[in-house]
Amino acid sequence: MNPILIKLGGYQKPASVHNQAATLFGKVLRQQLGNRIEFELIGDVLQLGRKSGDLLPMVEGGELSLCYMSTVRFTPAVPEFRLLELPFVVTDRNVVNSALDADFGDFLKRRVRDTTPYRVLAFWDNGFRHFSNSVRPIRTPADCRGLRIRTQMSELHGEVFRALGFEPIATDVKDFVEQIASGKFQAQDNPLTNIYNFGIHRHHRYITLSGHFFGASALACNEALYQSWPEEVRSAVDAAAREATALQRRLAVAQDTQVLEQLDPNDNEVIRLTATEHAAFAVAVQPVLAKYRKEIDPRLFSHLE
């Protein structure tokens, strides 16, 4: 019998916390299933000329078995994911990760299965997002005014940034580093691990630890393919996802500390907001938060409290 080929795709460098976890995923599969499976990690589809946004269609079309992807890509089909896109709602990663491992995560997984061709195996920690820019230190919403900022493919994020005074432009990760280097964008937001590993810190002197959003990534599989696998393979995939998730989350927390230690103060100025400064950003985006609180089931917010 030919081995079952399982291909996992991503969009980051080999040393990234996501690809380290993806590597462990494959290792666990091999340990449990031996020569019954063949595992291949395509850790950076950007190197193949693809966009990160191609990953989910690649899973749907069978080029990949599964991938990791920011949950913002699922929001059009599952609007409840907007809860994870709201500013300053998530303040504790342990709380949100616990919720994603329990009823809240189960609810989102069911919604994904009901409305898309995908099955979410686990939720990964995509980090608290911070501002970086090449123009000036950002300490107040007024400092954001007029800066062109690259955003994820999220309309809600764009609304938040406009409320702060930015000029948001949504761009796939494939293009944004080059565009930051060229000066098309004066600002962007990302977790510290991405700011460092994508080399954004080489172009943006100023890094403000705003923590305005918390990002989650979904480890997503082709549902029909998953159901076609023998029960033993499905069980091994589920177990591998759990082990990979535990590692990924540990690495994500550690990376925040490591990146701050690696940044050279001669090249980068890290702005740590006071409580009063941080509160001013939260106040500035209240109209956006109020709008979406009316549209999202209030019971969902209780999972993050």
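Above this text you will find the structure in question.
Below you will find a few notes about this structure. Only a predicted model underlies this, so the values are computations on that prediction, with no experimental measurement involved.

1. A word on the overall build of the chain
- Helix and strand counts for the chain stand at 12 helices and nine strands.
- The C-alpha radius of gyration of the chain comes to 19 Å, within 12% of the 19 Å expected for a compact globule of 305 residues.
- With the principal axes as the frame, the chain shows a C-alpha extent of 65 × 45 × 30 Å.
- Looking at the 305 residues of the chain, the share that counts as buried comes to 56%.
- A separation of at least 24 residues holds for 75% of the contacts in the chain among residues at least 6 apart in sequence.
- On the chain, roughly 13100 Å² of surface is accessible, and the fraction owed to carbon and sulfur atoms is 48%.
- Placing the 35 positive and 36 negative side-chain charges of the chain at their respective mean positions leaves the two points 2 Å apart.

2. With respect to the state of the cysteines
- For the structure on display, the rule yields zero disulfides.
- Cysteine Cys-67 is unpaired, with the sulfur of Cys-221 as its nearest cysteine sulfur at 9.4 Å.

3. Describing the packing of helix 1 (residues 17-33) against helix 9 (residues 231-262)
- For the pair helix 1 and helix 9, the least separation of the axes is 8 Å and the interaxial angle reads 150 degrees. As the angle between them shows, helix 1 and helix 9 are arranged roughly antiparallel. Crossing geometry of helix 1 relative to helix 9 is assigned as right-handed.
- When the residues that make up the contact of helix 1 with helix 9 are grouped by side-chain class, the tally is 17 nonpolar, five polar and two charged.

4. Thoughts on the nonpolar core
- The biggest cluster of nonpolar side chains holds 95 residues, and the ones touching the most others in it are Ile-6, Phe-25, Leu-29, Leu-86, Phe-104, Phe-166 and Val-237.
- Element by element, the count of residues in this core is highest for strand 8 (residues 206-222), at 10 residues.
- Once residues within four sequence positions are removed from consideration, Val-237 is found in contact with Ile-6, Phe-25, Leu-29, Leu-121, Tyr-226 and Trp-229.

5. Some words on the packing of aromatic side chains
- Inspection of the entire model under this criterion finds 14 aromatic pairs.
- Look at Phe-74 and Tyr-118: their rings are 6.1 Å apart centre to centre, the planes differ by 85 degrees, and that puts the pair in the edge-to-face class. Here Phe-74 is found in the loop between strand 3 (66-70) and helix 3 (93-100), whereas its partner Tyr-118 is found in strand 4 (residues 118-133), with 44 residues between them in sequence.
- Since its relative accessible area comes to 7%, Tyr-118 is described here as buried.

6. So, helix 6 (residues 173-182)
- Listed as buried for helix 6 are Val-173, Phe-176, Gln-179 and Ile-180. Mapping the buried residues of helix 6 onto a view down its axis gives an arc of 115 degrees, with all of them on the same face. Of the exposed residues in helix 6, those oriented more than 90 degrees away from the buried face are Glu-178 and Ser-182.
- Each element contacted by the buried residues of helix 6 is listed here: strand 5 (148-151) and strand 7 (187-190).
- The backbone nitrogen of Lys-174 has a side-chain oxygen 2.8 Å away, supplied by the residue at the start of helix 6, namely Asp-172.
- Two residues or fewer after helix 6 comes Gly-183, characterised by a positive phi angle close to 95 degrees.

What counts as what
Residues numbered from 1 in each chain as written. Predicted model: local features only at pLDDT ≥ 70, side-chain atom pairs only at ≥ 80, totals over all residues. Heavy atoms only, no water. Helix = DSSP H or I, 4+ residues; strand = E, 2+ residues; numbered from the N terminus. Rg over C-alpha atoms; globule rule 2.2 N^0.38 Å. Buried < 20%, exposed > 50% of the residue type's maximum accessible area, 1.4 Å probe, protein only. Contact = heavy atoms within 4.5 Å. Areas by Shrake-Rupley, 256 points an atom, 1.4 Å probe, with all protein chains shown as cover. Lys, Arg positive; Asp, Glu negative; His and termini not counted. Charge placed at Lys NZ, Arg CZ, Asp CG, Glu CD. Disulfide = S-S within 2.5 Å. Axes fitted to C-alpha atoms, helices over the stretch in contact; angles between N-to-C directions. Parallel < 35°, antiparallel > 145°, perpendicular 65-115°, else oblique. Left-handed = near helix turned anticlockwise from the far one by under 90°. Nonpolar A, V, L, I, M, F, W, Y, C, P; charged D, E, K, R; others polar. Core = buried A, V, L, I, M, F, W, Y, C linked by side-chain atoms within 4.5 Å. Phe/Tyr/Trp six-rings, centres within 6.5 Å; stacked < 30°, edge-to-face > 60°. Arc of directions from axis to C-beta. Polar contact = N/O pair within 3.5 Å; in protein donor to acceptor, adjacent residues only side chain to side chain.

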